[in-house]
Every structure is written in C-alpha cells, then in structure tokens.
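Remarks on the overall topology
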Amino acid sequence: YQGIENGVGNSEYAGKVDLTTKKGANGYELTDDTRGGHSTFDLGGSESGDGKLFTNSTDTWGDGKPSNPQTAAVDAAYGAQETWDYYKNVHGRSGIKGDGKGATSRVHYGQSYVNAFWDDSCFCMTYGDGQGNNKPLTALDVAGHEMSHGVTSATAGLEYSGESGGLNEATSDIFGASVAFYAKNPEEPGSYFIGKKIDINGDGKPLRYMDKPSKDGQSLDNWSADAGNVDVHYSSGIANHFFYLLSEGSGAKDANGDHYDSPTADGSKVTGIGRDKAEKIWFKALTAYMTSTTDYKAAREATVKAATDLYGADSAEVKGVESAWAGVNVK
Ligand code: ASN
Ligand code: ZN
C-alpha cells in the first residue's frame, strides 16, 4: 500500500502537531498530497541543490530538539501546512500560485545561517539553522512571511525596492502574522510581534513590531517623503502600522501577554474593524488592485477600492481604511 497517512511531529516551536504524510516504497515520506504535494527536504548543511526528501521508518517525526535533524523539518512542514490552509480556507486561494500545486521546503541550509528565504525560481522555501545551529528559522510566522513572498510575486508582483518593496515586505509580515493567528496553536500563538520565537538578535525580542514599528529602533511608524529610500524591511513599518490600526484601532491594548501600543501620526483616533476584515481587504487589494509599482498613495487607493468592493462605499470598513491610512500619514 502507498498513500496518504496521518503522521505526528514533535516540533521545536509548535509542540506536538499533526502532519499529513505519505507511505512510499522506502517508508514514510514528508510529502503532503492533500496540500498539492508539498514536500520537505534536508540540505544537511549544503547551500545548494534540492537536498534529500525526509523519510522515516515510523510516522512519528522529530523529538522537539534541534539536535534531531527531523525536528526542523517538522516545523517547516507544519508551517507549510498552516500557510496552505490559511490561504485556502480564508481567501479561497489554492497554493501559492493559486494553481493547486504545493511548493517544497528545504531545511538545514548552510552553517548557523540566521535567515530564511523564498525563491520563485525553485518554487522553494529555505530555512537556516540559526545561531550556533540551535535556533532554526522555522517558526510559523516566518514560514507564513516567506511563502507570502511567493503569493505577492504571483499576484501584484510588487518590486522589491522603494515604496513598493516596503509594501511587499509588509504583505509578508501581515500574512505571516495572520497564518499564526489562524493556526491557533497555543505553543506558538498569533501576535503582531514578528519573529518572537526565533530570537534572531539573541536578546529575546521580536524582529519587528506591527503596533509601533519604531520599537525595533529602525522601522518607520508613519509615511514621510523619504520612505522610498529606506530598507524595505523598515519602510514596511508604515503598512504594518496601518494594518494594526485598521485591525485593532489606536490606543494601548494587551493581548497574549504582548503589550500593544499604537499611537497615530497626527494624534487622531482610529477605531479598528477587526483583523479578519483587515486581512480580507489587504488580500483583495494585493490580488486585484496592486501592481509592481504601487507606492503608499496607490496602496491607499487599492485598499479603499477593495473595502468598497467587499463592504460598500459608505461602509464603516471603508471609513476605517481611510482613517487608518491617515493615522500613518498617507493622505
Ligand atoms: N528573511 C528575508 C525576507 O523575507 C530574506 C530575504 O529574502 N531578504 O525579507
Ligand atoms: Zn521578507
């Protein structure tokens, strides 16, 4: 017999998780035929090639520790699974390209590589092992962030420089956080703080903050004329802040033990419309109205159009979009 199986993984970040696997000629394989055949490969420290498909004699994978090479594979497979389900069940999109096809994940890239990246040319997701090879970059919000670069590339195609680059990065932060909220995993709860689990700077702090992006010391909270000259991982702050304001509104709020605090550029008050609607608006704007050269002003127009399509011209949602952009100085 060869076919679809229900496996169990012991992850580094997400606890014990269910994984869809496959029984093949050489035992169990980390391939998910219920999600377009997404498969997870071991680079074993190499920086090139496809790697080797993870296989196992039983259908229990990893032991929750980074010393076991399967553990990072469990987190990567879980991230791909939740990202697939998020786009399918929330936005009706089947796979990164919307064509029903799964991608591949590669783990154990290089030595102590502290990053993860999506690559359109191999339609593949790659994860480093992190500092001292023991903090793999395989957290759920990182998986969602990186694979969302594939979605952006297949849709709006936002150029990765200038203001469009900031919007590209923000789209990945928005949907990376959204994937984690969607998954409702108590070990790895959703948050507006990006990269909480990977401890990329070794100080226990998140990589980026959507409520008040400048808390990282470099990101922009609000638009200004030189936003297009700032690194895309910092100019993204403007749209991340917009998304937070649209979802939650202005004013301090505690959630999941995170202290969220989001003042507006001009002191105006913004009333949130809830994250679910904000996600729908951003997705529609990305897939129907944004293009490779969309800048912040055009992103405002795209989201107003999207909210108008979804909720009507005189809706509270359109007013929310307008007031959230005003709150980040995009007028
Ligand atoms: N983690 C980085 C990012 O998604 C990797 C890269 O491709 N620059 O922006
Ligand atoms: Zn990115």
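The model shown is predicted, which means the values in this text are computed figures rather than measured ones.

A word on the overall build of the protein chain
A tally of helices and strands in the protein chain yields seven helices and 15 strands. Relative to a compact globule of 331 residues, whose C-alpha radius of gyration would be 20 Å, the protein chain shows 20 Å and is just as compact. Seen through its principal axes, the protein chain has C-alpha atoms that stretch 60 × 40 × 35 Å. In the protein chain, of all internal contacts separated by at least 6 residues, the share reaching a separation of at least 24 is 61%.

Some remarks on the site of ligand 1
Taken together, N115, A116, F117, H145 and E146 make up the full set of residues adjacent to ligand 1. Those elements giving two or more residues to the shell around ligand 1 turn out to be β10 (116–119) and α2 (140–154). Split into classes, the residues belonging to the shell around ligand 1 amount to two nonpolar, two polar and one charged.

Regarding the confidence of the model for the protein chain
Chain-level statistics for the protein chain give a pLDDT mean of 97 and a share of 100% at 70 or above. When mean pLDDT is compared element by element in the protein chain, helix α5 (residues 275–289) scores highest at 99, while strand β14 (residues 253–255) scores lowest at 84.

Things to note about the nonpolar core
Membership of the largest hydrophobic core comes to 87 residues, with the highest contact counts inside it found for A73, F242 and F243. Shared between two domains, this core holds at least three residues of each, these being domain 1 (3–138) and domain 2 (162–327). Beyond its immediate stretch of four places on either side in the chain, F243 contacts I174, M210, A278 and W282.

What about the packing of helix α6 (residues 296–311) against helix α7 (residues 316–327)?
Close contact between α6 and α7 brings their axes to 8 Å; oriented N to C, the two are set at 165°. When the axis of α6 is compared with that of α7, the two are roughly antiparallel. Considering how the two elements wind past one another, α6 and α7 form a crossing that is right-handed. Here R300, T303, V304, A307, T308, L310 and Y311 of α6 come into contact with α7, specifically with E317, V318, V321, E322 and W325. Residues that form the contact of α6 with α7 fall into these classes: seven nonpolar, two polar and three charged.

As for the pairing of strand β1 (residues 3–10)
Along any regular strand the residues' side chains alternate between the sheet's two faces. Of the pairings in the sheet, the one linking β1 to strand β2 (residues 16–24) comprises eight bridges and is antiparallel in character. Residue V8 lies in a different strand from β2, and its bridge partner there is D18. Counting the residues in the hairpin turn of β1 and β2 gives five residues, including G15, whose phi is positive at 70°. Of the pairings in the sheet, the one linking β1 to strand β8 (residues 60–61) comprises two bridges and is parallel in character. Bridge pairing links V8 to T60 in β8.

What to know about the environment of Q70
Of note, Q70 is situated in helix α1 (residues 69–91). In sequence terms Q70 and Y87 are 17 residues apart; their C-alpha atoms lie 26 Å from each other. The contact partners of Q70, leaving out residues within four places of it in the chain, are F54, W61 and G62.

Here we look at the packing of helix α3 (residues 162–183) against helix α4 (residues 232–248)
Where α3 meets α4, the closest approach of the two axes is 7 Å, and the angle between their N-to-C directions is 60°. Relative to α4, the element α3 lies oblique. The way α3 lies across α4 gives a crossing that is right-handed. Facing E163, G165, G166, L167, N168, E169, A170, D173 and I174 of α3, the residues of α4 in contact are V232, H233, S235, S236, I238, A239, N240 and F243. Its residues assigned to classes, the contact of α3 with α4 shows seven nonpolar, seven polar and three charged.

Some points on the sheet that holds strand β7 (residues 55–56)
One open sheet holds the five strands; their spatial order is β7-β3-β2-β1-β8, and the pairing between them is mixed. In this open sheet, the two strands that pair with only one neighbour each are β7 and β8. Direction of pairing for β2 relative to strand β3 (residues 27–29): antiparallel, over a ladder of three bridges. Among the inter-strand pairings, K23 is bridged to a residue of β3, identified as Y28.

Rules of the game
- Residues numbered from 1 in each chain as written.
- Chains lettered and ligands numbered in written order.
- Predicted model: local features only at pLDDT ≥ 70, side-chain atom pairs only at ≥ 80, totals over all residues.
- Helix = DSSP H or I, 4+ residues; strand = E, 2+ residues; numbered from the N terminus.
- Rg over C-alpha atoms; globule rule 2.2 N^0.38 Å.
- Contact = placed C-beta atoms within 7 Å.
- Near = placed C-beta within 6 Å.
- Nonpolar A, V, L, I, M, F, W, Y, C, P; charged D, E, K, R; others polar.
- pLDDT = per-residue confidence, 0-100.
- Core = buried A, V, L, I, M, F, W, Y, C linked by C-beta atoms within 7 Å.
- Buried ≥ 20, exposed ≤ 12 C-beta atoms within 10 Å, placed from the backbone.
- Domains from an automatic or database assignment.
- Axes fitted to C-alpha atoms, helices over the stretch in contact; angles between N-to-C directions.
- Parallel < 35°, antiparallel > 145°, perpendicular 65-115°, else oblique.
- Left-handed = near helix turned anticlockwise from the far one by under 90°.
- Pairing = 2+ DSSP bridges.

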